[in-house]
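Coordinates in review
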Protein chains: 2
Amino acid sequence: MQRAPAIILHAPQLGENIGAAARVMLNFGLTDLRLVKPRDGWPSAPAEAMSAGALAQGTQVSVFETLEEAMTGLTYTIATTARPRGMEKAVFGAPDAVGALKRQAGQSAVLFGGEKSGLPNEAVALCDAILTYPVNPDFSSLNLAQAVGVFCHQWGASAGLEGKFDGTTEGLGAPALREELIGMFEHFEAELERAGYFYPPEKTPVMVTNLRNALVRAQWTQQEVRTFRGAIKALALGRGKARVVREE
Amino acid sequence: MQRAPAIILHAPQLGENIGAAARVMLNFGLTDLRLVKPRDGWPSAPAEAMSAGALAQGTQVSVFETLEEAMTGLTYTIATTARPRGMEKAVFGAPDAVGALKRQAGQSAVLFGGEKSGLPNEAVALCDAILTYPVNPDFSSLNLAQAVGVFCHQWGASAGLEGKFDGTTEGLGAPALREELIGMFEHFEAELERAGYFYPPEKTPVMVTNLRNALVRAQWTQQEVRTFRGAIKALALGRGKARVVREE
């Protein structure tokens, strides 16, 4: 598996956001967190609390005086910015940024600016490309840890799990055979008929069709068909008020 | 544009997380936030603070006693869960969940459970499908607002902005013509030659090739070529120490 990129926070302010970033990094398998001049120092009790154990369980934090030092050993870096910078750099959304990172052989990193003003142009200039999110232009300022989280999810989604959650139905149930469905329909309709449901009688065919269309769309399993037949049976054998009324 | 889904928080605990969820919703253009039995009540000062203005600027919050009431008017809902439930439901990752939501004609929603234990099975059973994230199995518990944020980014990325941030280089600069590059190379190499850079002389061709390969890869614009030529010129006319040494 591709080595996960480092996350560099450039002049972050709140320990809470650093801790929340560490947590969401570890949620998606990223463990190299580099801090450049954290305003409130390091270590940080609020960061510890917000990390929900990530700092103890796996996220490695290193602290640097300058961005240049934090970038030592990196071969490719992407700067996250909310606004265009007019720089001659590739601008990626999260999926394409992950694609670009996965094509790198060496250690790469994604750089996020501090809460107040984001990344200075000098920091962006040290990066190979820009990552930006499709934000609401009227409310574009993301929380720092959220910005980290969006990237980390994208990384995680591409790291070996892609295609796993593609809308396939979970559970092991075998799909019902058509004859099982039809048997269920007939059972259901017979009981409805006995219960006086189909009224006026000439509407019966269209009512049956509507019911069958609704039920068939659910793509039930064999077990679900059995369950529903059990429900029909229980209703039919139960208080049976409608039947009693009819038989009177 | 497709109407954005509502976000339902089922029994959320901390106002901070509700506010952070409201903020990241509005960041990506979602404005319908529904709370079912928020533990600490509503309105909430911590939520107000963490929303960074979202609650005042656009996110609409409504509060319900039951999930069923919160679901009134919805035609399609997706439950977010970290663990499989063994239920007969489609399981989506974020991109496919957004795809499914965009195919719905009516108002849809995405449901998130509270901080402590996520969604109860009864709540998941009311939903059409499951959304799950590809989390680290050893550290799978996402912060509630982060979970909301990952979905909201995915929604925003698909809502009219997809394909915009595809790695295209921003900036308006016209790419340099080959003859401009070659002129720059020759200028550079002539000054390097005068500076005594190419030593031993028989290595000159390979050194020139290496330099040209490195520079051509940057795909400079015409303006960047002019800027670099200015830099060469400045160096050549500057203190010129190497040249002086050589001319002595």
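One can find the structure itself at the top, above this paragraph.
Just so we're clear, the structure is a prediction, and the values are computed from it rather than from any experiment.

Thresholds, definitions, all that
Residues numbered from 1 in each chain as written. Chains lettered and ligands numbered in written order. Predicted model: local features only at pLDDT ≥ 70, side-chain atom pairs only at ≥ 80, totals over all residues. Heavy atoms only, no water. Helix = DSSP H or I, 4+ residues; strand = E, 2+ residues; numbered from the N terminus. Buried < 20%, exposed > 50% of the residue type's maximum accessible area, 1.4 Å probe, protein only. Contact = heavy atoms within 4.5 Å. Areas by Shrake-Rupley, 256 points an atom, 1.4 Å probe, with all protein chains shown as cover. Expected span 1.5 Å × (residues − 1). Arc of directions from axis to C-beta. Axes fitted to C-alpha atoms, helices over the stretch in contact; angles between N-to-C directions. Parallel < 35°, antiparallel > 145°, perpendicular 65-115°, else oblique. Left-handed = near helix turned anticlockwise from the far one by under 90°. Nonpolar A, V, L, I, M, F, W, Y, C, P; charged D, E, K, R; others polar. Salt bridge = Lys/Arg side-chain N within 4 Å of Asp/Glu carboxyl O. Core = buried A, V, L, I, M, F, W, Y, C linked by side-chain atoms within 4.5 Å. Polar contact = N/O pair within 3.5 Å; in protein donor to acceptor, adjacent residues only side chain to side chain. Phe/Tyr/Trp six-rings, centres within 6.5 Å; stacked < 30°, edge-to-face > 60°.

Within chain A, the secondary structure is distributed over 11 helices and 8 strands. The buried share of chain A, reckoned over its 248 residues, is 49%. Put simply, of all contacts in chain A between residues at least 6 apart along the chain, 82% involve residues at least 24 apart. Per element, the accessible surface of chain A, about 12500 Å² overall, is 55% carbon and sulfur.

Residues and elements named next belong to chain B. The terminal C-alpha atoms of helix α9 (residues 204-216), which comprises 13 residues, lie 18 Å apart, in line with the 18 Å expected from a rise of 1.5 Å per residue. Among all positions in α9, only Met-207, Val-208, Leu-211 and Leu-215 are buried. An end-on view of α9 places all buried positions within 100 degrees of arc, on one side of the element.

As a further point, take the packing of helix α8 (residues 178-194) of chain B against helix α10 (residues 222-237) of chain B. Residues and elements named next belong to chain B. Where α8 meets α10, the axes come as close as 10 Å, and the angle between the chain directions of the two elements is 15 degrees. The angle between α8 and α10 places the two elements in the roughly parallel class. In this structure, α8 meets α10 at a crossing whose hand is left-handed. Along its contact with α8, which presents Glu-180, Leu-181, Gly-183, Met-184, His-187, Phe-188 and Glu-191, the element α10 presents Gln-222, Val-225, Phe-228, Arg-229, Ile-232, Lys-233 and Ala-236. Of the residues belonging to the contact of α8 with α10, the class tally is 7 nonpolar, 3 polar and 4 charged.

Time to look at helix α1 (residues 15-27) of chain A. All names here are of chain A. Between its first and last C-alpha atoms α1 spans 18 Å; for 13 residues at 1.5 Å apiece the expected length is 18 Å, and the two agree. Burial runs high along α1: 12 of the 13 residues are buried. Of the residues making up α1, those classed as buried are Gly-15, Asn-17, Ile-18, Gly-19, Ala-20, Ala-21, Ala-22, Arg-23, Val-24, Met-25, Leu-26 and Asn-27. Two residues or fewer past α1, Gly-29 is found with a positive phi of approximately 85 degrees.

Before going further, it helps to spend a moment on the pattern of salt bridges. All names here are of chain A. Tallying each qualifying case throughout the model produces 9 salt bridges over all chains. The shortest N-O distance in the salt bridge between Lys-37 and Glu-65 comes to 3.0 Å. Here Lys-37, found in the loop between β2 (32-36) and α2 (45-50), pairs with Glu-65, found in the loop between β3 (60-64) and α4 (67-70); they are 28 residues apart in sequence, far enough to count as distant. Between Arg-194 and Glu-191 there is a salt bridge, with the nearest N and O atoms lying 3.7 Å from each other. Placement of the pair is Arg-194 and Glu-191 together in helix α8 (residues 178-194), with a separation of 3 residues, close to one helical turn.

This part covers the packing of α1(A) against helix α7 (residues 144-158) of chain A. Residues and elements named next belong to chain A. For the pair α1 and α7, interaxial distance at closest approach is 8 Å and the crossing angle is 15 degrees. For the element pair α1 / α7, the angle class is roughly parallel. Remark: the crossing between α1 and α7 carries right-handed chirality. In this structure, α1 uses Asn-17, Ala-20, Ala-21, Val-24 and Met-25 to contact α7, whose residues at the interface are Leu-144, Ala-145, Val-148, Gly-149 and Cys-152. For the contact of α1 with α7, a count of residues per class yields 8 nonpolar, 2 polar and no charged.

Judged by nonpolar contacts, the single largest core of 82 residues is most densely connected at Tyr133(A), Phe151(A), Tyr133(B) and Phe151(B). Discounting chain neighbours no more than four positions away, the residues touching Phe151(A) are Pro5(A), Ile7(A), Leu30(A), Val98(A), Leu101(A), Val110(A), Phe112(A), Leu131(A) and Tyr133(A).

Turning to the environment of Thr59(A), a few remarks are in order. Residues and elements named next belong to chain A. Positionally, Thr-59 belongs in the loop between α3 (54-57) and β3. Along the chain, Thr-59 and Ala-21 lie 38 residues apart, while their C-alpha atoms are 9.8 Å from each other. Residue contacts for Thr-59: discarding those within four places in its chain leaves Ala-22, Met-25, Leu-26, Leu-30, Thr-31, Leu-33 and Ala-54. Of the polar contacts made by the side chain of Thr-59, one reaches the backbone oxygen of Ala-22; its length is 3.3 Å.

Centre distance and the angle of the planes are the two values used to describe a pair of aromatic rings. Residue and element names in this part refer to chain B. Tallied over the full model, the rule gives 4 aromatic pairs over all chains. Taking the centre distance of 5.1 Å and the plane angle of 75 degrees together, the rings of Phe-188 and Phe-228 count as edge-to-face. Here Phe-188, found in helix α8, pairs with Phe-228, found in helix α10; they are 40 residues apart in sequence, far enough to count as distant. In this structure Phe-188 comes out as buried when scored by relative accessible area, which is 17%. Arranged with centres 5.0 Å apart and planes meeting at 80 degrees, the rings of Tyr-197 and Phe-198 form a pair that is edge-to-face. By relative accessible area, which is 8% here, Phe-198 ends up buried.

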